[in-house]
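One letter stands for each residue in the lines below.
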Amino acid sequence: MPVFINADGTMDVDYRIFIACRNGRIYQYRAGKVSDHEISIESKPVGLVKFEKSIVVAGMDNTMQCFYFKGKKSWSISMPAEICAIAKMEHSRV
């Protein structure tokens with residue numbers, strides 16, 4: 001069952017839809033089909049954010065994990081308290 005959905009790209013050209021589910025897996029929908037690159041996290045997801053070429057996922061086990069689109073883990077950070085939500089912060093150079 002889907003918990004979080006993150007879409008990126010243009011429908012006519014190239015798009016990706018990332019779907020985080022209650023089973024601790026993140027599926028990638030691209031070009032009209034579910035990709036073979038399935039991402040597995042250690043616990044249930046609390047939040048999902050896409051950054052450039054990677055996905056950051058917050059889990060119920062108080063960790064934040066980053067994965068490349070192909071499923072390889074980039075990094076993992078253990079937080080000192082429970083994670084309630086995550087959001088992408090961007091800044092502009094003026």
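Residues numbered from 1 in each chain as written. Predicted model: local features only at pLDDT ≥ 70, side-chain atom pairs only at ≥ 80, totals over all residues. Heavy atoms only, no water.

Trainee: Is there a simple way to think about unusual backbone geometry in this case?
Mentor: Peptide bonds are trans in most cases, and residues, glycine excluded, mostly fall at negative phi. One non-glycine residue with positive phi stands out, namely Glu52, at about 35 degrees. Note on placement: Glu52 falls in the loop between strand S6 (45-51) and strand S7 (54-59). Residue Glu52 is classed as exposed on the basis of its relative accessible area of 71%. Positive phi, normally seen in glycine, also occurs at Asn62, with a value near 65 degrees. Its relative accessible area of 22% is what places Asn62 among the partly exposed residues. (Helix = DSSP H or I, 4+ residues; strand = E, 2+ residues; numbered from the N terminus. Buried < 20%, exposed > 50% of the residue type's maximum accessible area, 1.4 Å probe, protein only.)

Trainee: I would appreciate a short explanation of a nonpolar patch on the surface in the present structure.
Mentor: Taken together, Trp75, Ile77 and Met79 make up a surface patch of nonpolar side chains, about 250 Å² in accessible area. Residue position: Met79 is located in the segment after strand S9 (73-78). Relative accessible area serves as the criterion here: at 33%, Met79 is assigned to the partly exposed category. (Patch = residues over 30% accessible without salt bridge, like charges linked within 9 Å, V, L, I, M, F, W, Y side chains within 5 Å. Areas by Shrake-Rupley, 256 points an atom, 1.4 Å probe, with all protein chains shown as cover. Salt bridge = Lys/Arg side-chain N within 4 Å of Asp/Glu carboxyl O.)

Trainee: Help me understand the state of the cysteines in this model?
Mentor: Disulfides are covalent bonds that link the sulfur atoms of two cysteine residues. A full pass over the atoms with the stated rule returns zero disulfides. Take Cys21: it sits in no disulfide, and the sulfur closest to it among the cysteines is that of Cys66, at 19 Å. Residue classification places Cys21 among the buried residues on the basis of a relative accessible area of 8%. (Disulfide = S-S within 2.5 Å.)

Trainee: Help me understand the packing of aromatic side chains, please; the structure alone is not making it clear to me.
Mentor: For any pair of aromatic rings, geometry is given as the distance between the ring centres together with the angle between the planes. Summed over the entire model, instances satisfying the criterion amount to two aromatic pairs. With 6.5 Å between their ring centres and 40 degrees between their planes, Tyr15 and Tyr29 make a pair best called tilted. Taken as a pair, Tyr15 in strand S2 (residues 14-21) and Tyr29 in strand S3 (residues 25-30) lie far apart in primary sequence, 14 residues in all. Measuring from centroid to centroid gives 5.0 Å for Phe18 and Phe69, while their planes differ by 40 degrees, and the two rings are tilted. (Phe/Tyr/Trp six-rings, centres within 6.5 Å; stacked < 30°, edge-to-face > 60°.)

Trainee: Mind showing me how you'd approach the side chain of Lys50 here?
Mentor: Of note, Lys50 is situated in strand S6. A polar contact of 3.3 Å, which involves the side chain of Lys50, links it to the side chain of Asp8. Looking at Lys50, its side chain comes within polar contact range of the main-chain oxygen of Glu52, at 3.1 Å. Apart from residues lying up to four places away in sequence, Lys50 is in contact with Asn6, Asp8, Phe18, Ile55, Phe69 and Lys88. (Polar contact = N/O pair within 3.5 Å; in protein donor to acceptor, adjacent residues only side chain to side chain. Contact = heavy atoms within 4.5 Å.)

Trainee: Would you take a moment to explain the pairing of S6 for this structure?
Mentor: On a regular strand, each side chain points to the face opposite its neighbour's, so the side chains alternate between the two faces of the sheet. For S6, the tally of buried residues reaches six of seven residues, placing the bulk of the element in the interior. In this structure, S6 lies alongside S7, joined through six bridges in antiparallel fashion. Paired with Pro45 across the bridge in S7 is Gly59. In sequence, S6 turns back onto S7 through a hairpin of two residues, with Glu52 there showing a positive phi of about 35 degrees. (Pairing = 2+ DSSP bridges.)

Shape descriptors only; they carry no functional weight alone.
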